[in-house]
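Architecture at a glance
So the chains spell out like this:
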Amino acid sequence: MAKDSYLVGLIGSGIGPSLSPALHEREADRQGLRYLYRLIDIDTLGVPPEAVGDLLRAARDLGFDGLNITHPCKRLVIDHLDALSPQAEALGAVNTVVFDGGRATGHNTDVTGFAASFARGLPDVPVERVVQLGAGGAGAAVAHAMLTLGAGRVTVVDALPERAAGLAASLGRHFGGGRAQAAAPDRLPELLAWADGLVHATPTGMAAHPGLPLPAGLLHPGLWVAEVVYRPLETELLRTARALGCAVLDGGGMAVFQAADAFRLFTGREPDSARMLADIAGLAGAVPARK
């Protein structure tokens with residue numbers, strides 16, 4: 001018999017502004033479910049990221065049905081799980097944990113979330129040469145998504161060269177040689193001059209980290225620009241790119257589609273992503289950016 005009551009949560013750092021509780025609870029209300037979504041902020045608790053295992057066990061013992069996991073715990077949580085979905089295993093990062101019969105299984109809905117958002121928001125853009133800024137947890141997910149969507153080559157640029165190299169090597173093992181490479185930030189001018197598009201996957205542009213992640217002069221009208229930041233929906237990067245005539249995609253769609261996929265994993269019920277897209281437009285204070 002299907003349940004009609006769920007207790008879920010989010011573990012991460014500085015997650016007070018997260019829209020996940022509202023996205024999940026609003027959709028659950030429309031489906032007639034009792035659904036509580038709790039924030040478990042390691043900063044508020046005063047514990048390090050390595051405490052994610054203890055928090056996971058406590059949530060399971062308290063009867064949670066599942067958890068979302070965000071920065072900086074997406075990789076650390078893996079050691080405390082019983083099983084991983086193929087996607088989470090390939091990525092080495094987990095953003096959704098489902099509890100079932102005492103077992104904790106890790107999933108990653110960031111990949112499918114970004115892929116669905118990109119296919120919806122930038123359906124006809126060329127993807128032969130893609131430059132990606134950021135090689136952290138979100139970066140790994142969106143790079144996997146871009147290559148799954150058929151990108152010819154993704155060049156990963158990160159302030160930490162070893163992190164970019166590690167992600168490129170992992171992508172190469174999964175997708176084949178030549179599909180991914182790492183590059184230093186000082187190569188951005190030459191890379192972007194020939195690129196079809198730019199994917200931004202660092203925290204720059206968030207309310208707490210305002211500004212541009214690269215010099216504005218490197219953008220040009222021949223580029224499309226896709227963003228993972230969704231608070232605010234209209235980042236300085238997107239505002240600058242749109243003014244130049246670039247096709248742009250904000251981070252709202254990724255936030256919605258990854259939440260919809262997590263909702264499905266938690267409840268076994270089909271969410272209405274169109275309603276959730278309308279939700280995030282209101283919650284984040286703007287209409288999600290399309291072309």
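These remarks concern the structure in this document. (Residues numbered from 1 in each chain as written. Predicted model: local features only at pLDDT ≥ 70, side-chain atom pairs only at ≥ 80, totals over all residues. Heavy atoms only, no water.)

Right, let's talk about the overall build of the protein for a bit. Across its full length, the protein holds 11 helices and 12 strands. For the protein, the C-alpha radius of gyration of 19 Å lies close to 19 Å, the compact-globule estimate for 291 residues. Counting only C-alpha atoms, the protein reaches 55 × 35 × 35 Å along its principal axes. A buried classification covers 51% of the 291 residues belonging to the protein. Across the protein, every contact between residues at least 6 apart in sequence was considered, and the portion connecting residues at least 24 apart equals 70%. Surface accessibility of the protein: about 12,200 Å² in total, with carbon and sulfur atoms responsible for 55%. (Helix = DSSP H or I, 4+ residues; strand = E, 2+ residues; numbered from the N terminus. Rg over C-alpha atoms; globule rule 2.2 N^0.38 Å. Buried < 20%, exposed > 50% of the residue type's maximum accessible area, 1.4 Å probe, protein only. Contact = heavy atoms within 4.5 Å. Areas by Shrake-Rupley, 256 points an atom, 1.4 Å probe, with all protein chains shown as cover.)

Okay, unusual backbone geometry next. A cis geometry characterises the amide bond from His71 onward to Pro72, with omega recorded as 5 degrees. As for its placement among the helices and strands, Pro72 is situated in the loop between β3 (66-69) and β4 (83-84). With an omega of 5 degrees, the peptide bond running from Arg231 to Pro232 counts as cis. Tracing the chain through its elements places Pro232 in the loop between β11 (224-227) and α9 (236-244).

Moving on, we get to the environment of Ala255. Inspection of the secondary structure puts Ala255 in helix α10 (residues 252-267). Residue Ala255 is classed as buried on the basis of its relative accessible area, which comes to 6%.

Mapped onto the secondary structure, Phe263 falls in helix α10. Placed 91 residues apart in sequence, Phe263 and Gly172 show a C-alpha to C-alpha distance of 31 Å. With near-sequence residues (within four places) excluded, Phe263 lies in contact with His24, Glu27, Ala28, Gln31, Leu33, Tyr35, Gly268, Arg269 and Pro271.

Moving on, we come to the packing of helix α1 (residues 20-30) against α10. At a minimum axis separation of 10 Å, α1 and α10 run at an interaxial angle of 55 degrees. When the axis of α1 is compared with that of α10, the two are oblique. Read as a crossing pair, α1 and α10 show a hand that is right-handed. Facing Leu23, His24, Glu27 and Ala28 of α1, the residues of α10 in contact are Ala255, Val256, Ala259, Ala262, Phe263 and Phe266. (Axes fitted to C-alpha atoms, helices over the stretch in contact; angles between N-to-C directions. Parallel < 35°, antiparallel > 145°, perpendicular 65-115°, else oblique. Left-handed = near helix turned anticlockwise from the far one by under 90°.)

This part takes up the nonpolar core. In globular proteins that are soluble, nonpolar side chains generally tend to be buried together. Counting residues in hydrophobic clusters, the biggest one holds 33 residues, and the most contacted among them are Phe114, Phe118, Met146 and Trp224. Of all the elements in the fold, those that place two or more residues in this core are α5 (109-121), α6 (137-148), β8 (153-157), α7 (161-175), β11 and β12 (247-249). Here this core gets seven residues from one element, more than from any other, and that element is α6. Once residues within four sequence positions are removed from consideration, Phe118 is found in contact with Pro123, Val125, Val127, Met146, Leu149, Trp224, Ala226 and Leu249. In terms of nonpolar packing, the next biggest core, distinct from the first, is built from 19 residues, Val131, Leu191, Leu214 and Leu237 among them. (Core = buried A, V, L, I, M, F, W, Y, C linked by side-chain atoms within 4.5 Å.)

This model, assessed by the stated rule, comprises 14 salt bridges. When the shortest N-O distance is used, the salt bridge between Asp65 and Lys3 registers 2.4 Å. Linking Asp65 in the loop between α3 (52-61) and β3 with Lys3 in the segment before β1 (5-12), this pair joins segments that are 62 residues apart in sequence. Judged by its relative accessible area of 13%, Asp65 falls in the buried class. When its relative accessible area of 37% is taken as the criterion, Lys3 is described as partly exposed. The partner of Asp110 in a salt bridge is Lys74, and the shortest N-O contact between them spans 2.7 Å. On the criterion of sequence distance, the pair formed by Asp110 in helix α5 and Lys74 in the loop between β3 and β4 is long-range, its members being 36 residues apart. With respect to class, Asp110 is no different from Lys74; both count as buried. (Salt bridge = Lys/Arg side-chain N within 4 Å of Asp/Glu carboxyl O.)

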